[in-house]
Each structure stands twice: as structure tokens, then as C-alpha cells.
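Examination of the molecular architecture
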Amino acid sequence: MIIANKDFKDHTYIMGILNVTPDSFSDGGKFSDLDSALKRTEEMIRQGADVIDIGGESTRPGYTHISTDEEIQRVCPVIEKIKENFDLPVSIDTYHHDTAQAAIKSGADMINDIWGLRYDSGEMAATAAKYGVPVCLTHNKREPVYTDFLKDVPTDLSESIDIAVKAGISRDKLMIDPGIGFAKSYEQNLILTGNLQVLDKLQIPVVLGTSRKSMIGLALDLPSDQRIEGTIVTTVIAVQRGCLFVRVHDILQNKRAITMTEKLMGKA
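Each chain carries its own residue numbering, running from 1 in the written order of its sequence. In keeping with the model being predicted, local features are shown solely for residues with a pLDDT of at least 70 and side-chain atom pairs are shown and tallied solely at 80 or more, while totals for entire chains, interfaces and linings include all residues. Processing note: side-chain calculations cover all non-hydrogen atoms of the structure and skip hydrogens and water entirely.

1. So, the packing of aromatic side chains
Heads up, the condition is: Classification of ring pairs rests on two measures: the distance between centres of Phe, Tyr or Trp rings, Trp counted by its six-membered ring, which must be within 6.5 Å, and the angle between planes, read as stacked under 30 degrees, edge-to-face over 60 and tilted in between. Classification of residues uses two cut-offs on accessible area relative to the type maximum, computed with a 1.4 Å probe and protein chains only: under 20% is buried, over 50% is exposed, and between them is partly exposed. Secondary structure is summarised from DSSP: a helix means a run of H or I of at least four residues, a strand means a run of E of at least two, and numbering begins at the N terminus for each.
By the definition in use, this model includes 6 aromatic pairs. Ring geometry for Phe 8 and Tyr 13: centres 4.8 Å apart, planes at 90°, overall edge-to-face. The exposure class of Phe 8 is buried, given its relative accessible area of 5%. Accessibility expressed as a relative area gives 12% for Tyr 13, which makes it buried. Centroid distance Tyr 13 to Phe 245: 5.8 Å. Interplanar angle 45°. Geometry classified as tilted. Residue Tyr 13 is found in strand 3 (residues 13-19), and its partner Phe 245 is found in strand 10 (residues 245-248); the two are separated by 232 residues along the sequence. For the pair Tyr 13 and Phe 245, one class covers both residues: buried. An aromatic cluster is defined as three or more aromatic residues linked by ring pairs; in this entry it consists of Phe 8, Tyr 13 and Phe 245.

Laid out in C-alpha cells, this is it:
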């Protein structure tokens, strides 16, 4: 996978989460001003982040929708400053094509779409194709109804891949995210995280995003700021399953977990 002329392969990399929102479930408001966002970016890079994923609208359960204008105003200045000051890829976490376009013009190198190109009528797919940027397609559904859960998830993702390819996005610019926490019950999130091999047949690099999510909170009965160990367990699983990226808040701890797991596997 090539992102901003950097080749990501044969290793599990870290996508560091930077929420420039006042209402994110775990770090809302902490990095919503430019200075704190830049300081956090510098810290994440120092701790081992390989990509910075910037979100301007919370996607926690029950989140409040904002206008694309407000989303653009939140993310674009941060993207511009990060690209001015640091040499690493930046991802824009959005499902709005207007925001994606503005972010790319500000320097974003890829799109992370929690709706897997299904939110609109093809505009996001067309935007990604126009600018030739990689896209992460997350599994999501408007109604959490499944016939055969572990078969339906890859089938749904295959449909997102088809949307991308038909829009002119090459398969080598695609990643998939199983969508832990999106349109799934607690039990389904556990099952899918433990059975990531069901995605292998799609032959697309996988991004796992479980960091501090409710699945971990419910399993351990812990608030969002005490879910590092639970997240690390899922990171180890991601490495064992050959995921290309883990998307996490706590960079240093997850980086160490990746390194140790890969050494045990003879990969590092």
C-alpha cells in the first residue's frame, strides 16, 4: 500500500487518532485547537505513529451531526500545519465528500470513510478517484440486521469495494476496516475481532480500529480512559492476523505490543 509515496507492507503499522472535536467519546476537546493538535501530532510521531488520522466530527454512538462547513473549518487548518511541519501521511476521517475534497486540497493523503462509500450517491467514490488517493472502507449498516453475521460482513465490504472499483479507484489503493463498534452488538464485535480471517478472501489490506471502544469497556467494565490493556490485546490479534494498520489513541503502548508480537512471530 502506497500512501504519500511511502510504502506500507509486511508489517503492522500505527494510524494515530487525532480528534479535533469537542465531543469525541474518549478525548473530546483535548486537541480541538491548533497548538494542542500540533503538539499531540509531534508526540504521536515521536512514539511511533506512521499515519495521522484526523477527524472533525465525532462518530461515537449518539453523536451530533455538524455541517460540512464546520467540519472543514476544524480539520483543514490542522492538516495544513501538520503537512508543513511533519513528514508523514495524513488521513482524513470523514464520510462527507466536500470535506474529503477540501482536506485533500489542504494536504490529506488518504480518506478514511466510516460508511465505506455508501453514505452518498457516489460522490465520495468519485472524489477519491479524481484525486487518486487511497481509501479505507469501513463496514457499516444503517440497520444492524444480519442473516449470517460472519459471512455478511465480508459480503457488505465486497460491495463497497465494487463501488470503489466502478468509480475508478484501483484495488491497490483500497483498505478495509471491519467496523468494530458500527452497527454491531457487543457480542458481534467480539466475534468479528476474534475472527478477522473471514476478511482474508477479499485480498485487501485490513485496518483494525478498536481503540478504547465500548466492546472493550463492556468486556472489562472500564471507562474509556482505562481501556489500554484491552486495546493492546486486539492489537496483538491484528498483528497475528496480518492487519496492515491498527488505528489507536495510545501510540507508545501499542507500538511496543506490535514490536514484541512481531519478534515472537519472527517478523522483526
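From this point, the discussion proceeds with the structure in view.
2. Things to note about the packing of helix 2 (residues 68-85) against helix 3 (residues 97-106)
Keep this limit in mind: Axis definition: a line fit to C-alpha positions, over the contact stretch in the case of helices; interaxial angles, taken between N-to-C directions, run 0 to 180 degrees. Orientation categories follow fixed angle ranges, with anything under 35 degrees roughly parallel, anything over 145 roughly antiparallel, 65 to 115 roughly perpendicular, and all other angles oblique. Two helices that cross are described as forming a left-handed crossing if the nearer one is turned anticlockwise from the farther one by less than a right angle, and a right-handed crossing if clockwise. Any two residues whose heavy atoms approach within 4.5 Å at even a single point are treated as in contact.
In the contact formed by helix 2 and helix 3, the axes pass within 8 Å of each other and the chain directions differ by 20°. Of the possible angle classes, the one that applies to helix 2 and helix 3 is roughly parallel. Every pair of crossing elements has a handedness; the one defined by helix 2 and helix 3 is right-handed. Here Thr 68, Glu 71, Ile 72, Val 75, Cys 76, Ile 79, Glu 80 and Lys 83 of helix 2 lie close against helix 3, whose contacting residues are Asp 98, Thr 99, Ala 102, Ala 103 and Ser 106.

3. Examining helix 4 (residues 123-131)
What counts, and what does not: This arc is built from the directions going out from the helix axis to the C-beta atoms.
Inspection of helix 4 places Met 124, Ala 125, Thr 127 and Ala 128 among the buried residues, and these make up the whole buried set. End-on view of helix 4: buried residues confined to an arc of 160°, all on one side of the axis. Of the surrounding elements, those touching the buried residues of helix 4 are helix 3, strand 6 (110-113), strand 7 (135-138) and helix 5 (149-167). Taken from the residues just after helix 4, Gly 132 is the one with a positive phi, measuring 65°.

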